Each structure stands twice: as structure tokens, then as C-alpha cells.
Amino acid sequence: MKHYPAKLQPSGITAQLHQIPDLSFVVPAFNEQDNIAETIDRIATEALRLGCLFEIIVVDDGSTDATFPVAKAQADRLPVRILRLSRNFGKEHAIMAGLEKAAGAAVVILDADLQEPLAHLETMLAHRAEGFDVVYATRARRDDESWRKRAFTRLFYALLNLGGDVEIPPDARDFRLMDRRVVDALCALPERNRFMKGLYGWVGFRSKAIPIHLEPRRAGTSKFGFHKLFRLGVTGLTSFTAWPLRVWTSIGMLVAAGSILYGLWIIARTILFGTEVPGWSTLVVAISLLGGVQLISIGVLGEYLARVFTEVKGRPGFIIAEDYSANPRQT
Ligand code: UDP
Ligand code: MG
């Protein structure tokens, strides 16, 4: 990490564009017109205070509001590069677009709504200096969320970490500092179904968690409703677990064993006590239960197959419609 004498700092912005930055900030933004200018400002202020050469990569994830022009206005006076995606590809892909273009020796991912206090950047840099390749923020508390969301999150991470070989920490945020080697490793992964929190864990490297308190969103509303979170959850589960595929073998064996025992019991009963009027409610229950179990297992197969289908099609995760920077890098 280079440090510059205070008087050399702000005038160095143009010069910075010719050099490899110490830090690239990747900011995914979807309809963040009321936040993005302030976010860029705060990042620049903080990076200059810490004496870093920096670039800010705003990924406009198909916003329908003025996010792009607002960010563009900032690019004339600060080292800002804006990648406008051709439509809304989702946060995971927006992050990947930013990571692929980032040139810095380290990359910081940050939400555009300033929920994650930038004051932690200094701590992150300190841990990087200690030799950590990844420094990531974890939520210290979740009491601002509804009990239902908390319960779902807990269940999701419990299922996700069931029998997996990589531990995926439950409260980790996308807010993190990653060394160039980690970013290169992430960019080298070929998969299209991106569940970033799983991939961060999968690539490994020396990691350090720092607990943070989230601030309320600065402006606008959360872009993740139940449906989007649910889809993300399914992507996460199907990309990082295989047990839902295998569990049906065990369930099938249990059900089969149960029916054999039940069959034996019926034979024995018939021999001992003779036939009686068979209760067909038992039959209906057994058939509908098995029907349900079969439908669920076909659904699970379908989810995994859909994943395979997306990968086989080999479409890119995102398309960049415009790559804007006022002072394109010379190197
Ligand atoms: N985001 C994005 N594409 C999307 C949804 C969200 O780039 O399809 C960005 C959003 O602009 C923000 C970040 O992802 O910078 C986190 O989104 P949000 O704050 O809505 O999520 P929450 O904090 O409620 O989990
Ligand atoms: Mg947010």
C-alpha cells in the first residue's frame, strides 16, 4: 500500500488514471439515483483520506431511473468508471461485471445505498496489511429484520451448509476487500449461476471477518423482495449442495422398507385372523403421500437440471452496453 504526502493527494487524480490503483471500488447500483452521487463522494473522500490511489467502478444494473447520468456527472472530476449493463441482470452478475474490469491491487465491493459504513475501510486495510487476502463484513445484529426473514435466513444457511465441503458464513455481506489474487480466482470460475457468497467461500484464501452494524438505507427502498431473495436462495442451494438430489435415495429406501414391513404385517394378520374389510383410507393416504413425495423429488431434479441447462447454453452472465469513463486509463 502506497502512502502519499498530504499535499500531493487531491491533485493526483488525473495522474492516478495512468497508474494501477491500490483500490478498485465496485458498486452495483440498480435504481439508485438518489444515492449514487453521495456514495461516490464518500468513497473518494475516504480513499483520499487513507492515501490510496483508487478507482470507482459503478455498475449500473439496468436502472430505469437517472442512476447513469448522475454517476456520469461525477466521472468528470473523480476517477469513476461506469459500466452500464444492457438490462437488469441482478446484483451477483453486476458484481462480476465490476470485478472483471477492476484493475486495482485490491478490490472493495460496496452497496450503493451506503448501508455499510465506509469507516470500516481503514480496519479492512489494516487487516490486509497483516496478510489477510479477504476481509469481509458480517452483520453483528439482525434485529431490524422481521422474524420471518430471520427464520428463513437461518433455515437457508443451515440447509446450505448441510454436508457441504465449504463453510459459507451465514451473516457475511458482499461488503469486502479482496486481494487481486482472489479477484482473479473469482473471475476465472466459468459458471453462469453465480451465488457470490458461496463462491467467496469456495475460492478460499486467508479471510478475516469484521462485525459491522448496518445503517438504514440512505434513500429509496430495498431492491430485494421475497421473490428475488427466494430465487437467489434456490440458486445458492442448487449451486452449492448436492444433498437434495441424494436425499431421495434414503427417503425412497425408508418408504420401501416401511411398505415391506406393512405388507408382512398384513400377510401375518390375514393368516392369523382371516380377511377383514380392507380400510381404503389407508390406501388413499399412502398413495397421496407417495405421490407428493415423488412430485417434490421431480421438482428438485428439475431445479438442478435447470442449472445444468443454463450452464450448457453458455450465455454470458451479463452484457455491457456502455463502458464510460471521462479519462480512460492509459495503461
Ligand atoms: N442491486 C443491483 N441489482 C439488483 C438489485 C440490487 O445491482 O437487481 C444493488 C443495489 O442497487 C444495492 C445493492 O445491490 O447497491 C444491495 O441492494 P439492496 O440495498 O436493495 O438490498 P438489501 O440491502 O436490502 O439487502
Ligand atoms: Mg441495502
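Conventions we followed
- Residues numbered from 1 in each chain as written.
- Chains lettered and ligands numbered in written order.
- Predicted model: local features only at pLDDT ≥ 70, side-chain atom pairs only at ≥ 80, totals over all residues.
- Helix = DSSP H or I, 4+ residues; strand = E, 2+ residues; numbered from the N terminus.
- Rg over C-alpha atoms; globule rule 2.2 N^0.38 Å.
- Buried ≥ 20, exposed ≤ 12 C-beta atoms within 10 Å, placed from the backbone.
- Contact = placed C-beta atoms within 7 Å.
- Core = buried A, V, L, I, M, F, W, Y, C linked by C-beta atoms within 7 Å.
- Pairing = 2+ DSSP bridges.
- Axes fitted to C-alpha atoms, helices over the stretch in contact; angles between N-to-C directions.
- Domains from an automatic or database assignment.
- Nonpolar A, V, L, I, M, F, W, Y, C, P; charged D, E, K, R; others polar.
- pLDDT = per-residue confidence, 0-100.
- Near = placed C-beta within 6 Å.

Student: Sorry, what's going on with the overall build of the chain here?
Tutor: Broken down by element type, the chain carries eleven helices and eight strands. Relative to the globule expectation of 20 Å for 331 residues, the C-alpha radius of gyration of the chain, 26 Å, shows a markedly less compact shape. Overall size of the chain, expressed as C-alpha extent along the three principal axes, is 100 × 40 × 35 Å. Across the 331 residues in the chain, those meeting the buried criterion constitute 31%. In the chain, the share of contacts with a sequence separation of at least 24, taken over all contacts with a separation of at least 6, comes to 85%.

Student: Even after reading the chapter, I still don't get the environment of Leu199, so can you show me in this structure?
Tutor: Mapped onto the elements, Leu199 comes out in helix H8 (residues 196-203). Placed 14 residues apart in sequence, Leu199 and Ala185 show a C-alpha to C-alpha distance of 9.8 Å. Ignoring sequence-local partners within four residues, the contact set of Leu199 consists of Leu186, Leu189 and Arg194.

Student: Whenever I open this one, the nonpolar core confuses me. Can you help?
Tutor: One broad trend across soluble globular proteins is that nonpolar side chains are buried collectively. If you look at the biggest cluster of nonpolar residues, it comprises 61 residues, and the most contacted ones within it are Phe25, Val26, Val27, Val58 and Val59. In this structure, Val59 is in contact with Val26, Val27, Pro28, Ala29, Leu83, Leu85, Ala94, Ala97 and Gly98, ignoring residues within four places of it in sequence.

Student: In this structure, what is going on with the sheet that holds strand S3 (residues 80-85)? I would like to understand it.
Tutor: Within a sheet, neighbouring strands are paired by backbone hydrogen bonds and run either parallel or antiparallel to one another. The strand order across the open sheet built from eight strands is S7-S5-S6-S4-S1-S2-S3-S8, with neighbouring strands paired in mixed fashion. Edge positions in the sheet fall to strand S7 (207-212) and strand S8 (320-325), since each has one partner strand and no second. This sheet shows a mean twist of 20 degrees between the axes of neighbouring strands, independent of strand direction. Of the pairings in the sheet, the one linking strand S5 (residues 134-139) to S7 comprises six bridges and is parallel in character. Along S7, the bridge assignment pairs Val134 with Ser207. Across the face of the sheet, helix H4 (residues 91-101) comes into contact with strand S1 (23-29), strand S2 (54-60), S3, strand S4 (106-109), strand S6 (172-179) and S8 while running at roughly 155 degrees to S1.

Student: Whenever I open this one, the domain arrangement of the chain confuses me. Can you help?
Tutor: Note: interface size is frequently given as the accessible area lost on complex formation between the parts. Partitioning the chain into structural domains gives domain 1 (6-224 + 316-324) and domain 2 (243-313). Taking only C-alpha atoms, the centre of domain 1 and the centre of domain 2 are 46 Å apart. Classifying every residue of the side of domain 1 that touches domain 2 by side-chain character gives one nonpolar, two polar and two charged.

Student: Even after reading the chapter, I still don't get the confidence of the model for the chain, so can you show me in this structure?
Tutor: In low-pLDDT segments, the atomic positions of the prediction should not be examined closely. Summing up the model confidence of the chain, the mean pLDDT is 84 and the portion of residues at 70 or higher is 91%. Below pLDDT 50 for its whole length, residues 1-12 participates in twelve contacts with residues either more than four positions away or in separate chains. Quick note on the complex model: pTM equals 0.76, ipTM equals 0.93.

Student: Just checking my understanding: could you explain the site of ligand 1 for this structure?
Tutor: Around ligand 1, a shell composed of 17 residues is seen, among which Pro28, Phe30, Ala112, Ser222 and Lys223 lie nearest. Put simply, the parts of the chain that give the shell around ligand 1 at least two residues each are S1 and H4. Looking at side-chain class alone, the shell around ligand 1 contains six nonpolar, four polar and seven charged residues.

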